[in-house]
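# Analysis of the macromolecular model
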Amino acid sequence: MIVAMPVEIWDARDFTPEQARAIGELINHVWPKATLTAEDRAEQQLDIGREYDGPAAQAPRALVIVEAGRVVANATMRPRTIGTERGEMIIGGLALVCTDPALRGHGLGEAVVRAAFDLVDAGDFQFALFQTKRRLQSFYEKCGATPVDNRIVNSLGDDPEANPFWDEVVLRYPANGNWPAGTIDLRGPGY
């Protein structure tokens, strides 16, 4: 059964402490770490907005579904300037896609991912680029994503030739379009 709940778009530059905490609580619930509390995760969310100083159309955003005052699904879209054989490209880095485990299977994850991809369709970003587990690849492909075969590096990292992503699969959205060939320089850590 699919639950119809609206997706809200929260601009990270304007996060309230309550919004950041609500996202932080969901992230902490889905991916608990002994070294990070929900408050730490909330502070990370606030930092995303504080650190951004680019165009408004590419501002980092959280695409969330809220139920009874709690964020129950989240996807974050952050701008990244990557290096390609054709020069720089600003893409949307899709990250922190998660749903409250008690509500999985109701279409909430798909709703926030599609809302994030809508930002690409609207022209805010040329592509979305992200990593995922192999078991989730078909979910993203059903949403219009396709695997990226490019070599990916981080020229700013300690090992500039190493792949900064840690999951098995790197995908981009949309599947069509003029995606560059050759090495992609993420110019920063994986997300």
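So, here's what we can say about the structure. Since this is a predicted model, take the numbers as computed values, not measurements.

### Some points on the pattern of salt bridges
- For the coordinates displayed, the defined rule picks out 11 salt bridges.
- The partner of Glu39 in a salt bridge is Arg21, with the nearest N and O atoms 2.7 Å apart. With Glu39 in helix α2 (residues 38-51) and Arg21 in helix α1 (residues 17-30), this pair connects stretches of sequence that are 18 residues apart.
- Among the residues examined, Glu39 registers a relative accessible area of 45% and is labelled partly exposed.
- The shortest N-O distance in the salt bridge between Glu43 and Arg50 comes to 2.6 Å.

### Some details on the environment of Glu110
- Relative to the assigned elements, Glu110 resides in helix α3 (residues 108-121).
- Note on Glu110: relative accessible area 31%, which makes it partly exposed.
- Considering only alpha carbons, one finds Glu110 and Val97, 13 residues apart in sequence, at a separation of 9.5 Å.
- Setting aside anything within four residues of it in sequence, one finds Glu110 in contact with Phe139 and Cys143.

### Topic: the packing of aromatic side chains
- This structure, assessed with the given rule, holds six aromatic pairs.
- Taken together, a centroid distance of 6.0 Å and an interplanar angle of 35 degrees make the contact between Phe117 and Phe130 tilted. Here Phe130 lies in strand β5 (residues 128-132) and Phe117 lies in helix α3, a separation of 13 residues in the sequence.
- A residue is classified by how much of its surface remains accessible, and Phe117, at 2% relative accessible area, is buried.
- Their ring planes at 80 degrees and their centres at 5.3 Å tell us that Phe165 and Tyr191 sit as a pair that is edge-to-face. One end of the pair, Phe165, is in the loop between β7 (152-153) and β8 (169-173); the other, Tyr191, is in the segment after β9 (184-185), and 26 residues separate them in sequence. Tyr191 shares its class with Phe165; the two are buried.
- Ring pairs connect the aromatic residues Phe117, Phe130, Phe139, Tyr140 and Tyr173, which therefore count as one cluster.

Conventions and cut-offs
For every chain, the first residue of its written sequence is number 1, and the numbers climb from 1 along that sequence. Under the rules for a predicted model, residues below a pLDDT of 70 receive no local features and side-chain atom pairs below 80 are neither given nor counted, while totals for whole chains, interfaces and linings still include all residues. Derived side-chain values reflect all non-hydrogen atoms in the structure, with water molecules and hydrogen atoms excluded from consideration. Criterion for a salt bridge: a side-chain nitrogen of Lys or Arg within 4 Å of a carboxyl oxygen of Asp or Glu. The helix count covers DSSP runs of H or I at least four residues long, the strand count covers runs of E at least two residues long, and both are numbered beginning at the N terminus. Buried residues are those whose accessible area, probed at 1.4 Å on protein chains only, stays under 20% of the maximum for their type, while exposed residues exceed 50% and partly exposed ones sit between those limits. Should any heavy atoms of two residues lie within 4.5 Å, those residues are considered in contact. Each Phe, Tyr or Trp ring, with Trp reduced to its six-membered ring, pairs with another whose centre is within 6.5 Å; inter-plane angles below 30 degrees give stacked pairs, above 60 give edge-to-face pairs, and intermediate values give tilted ones.

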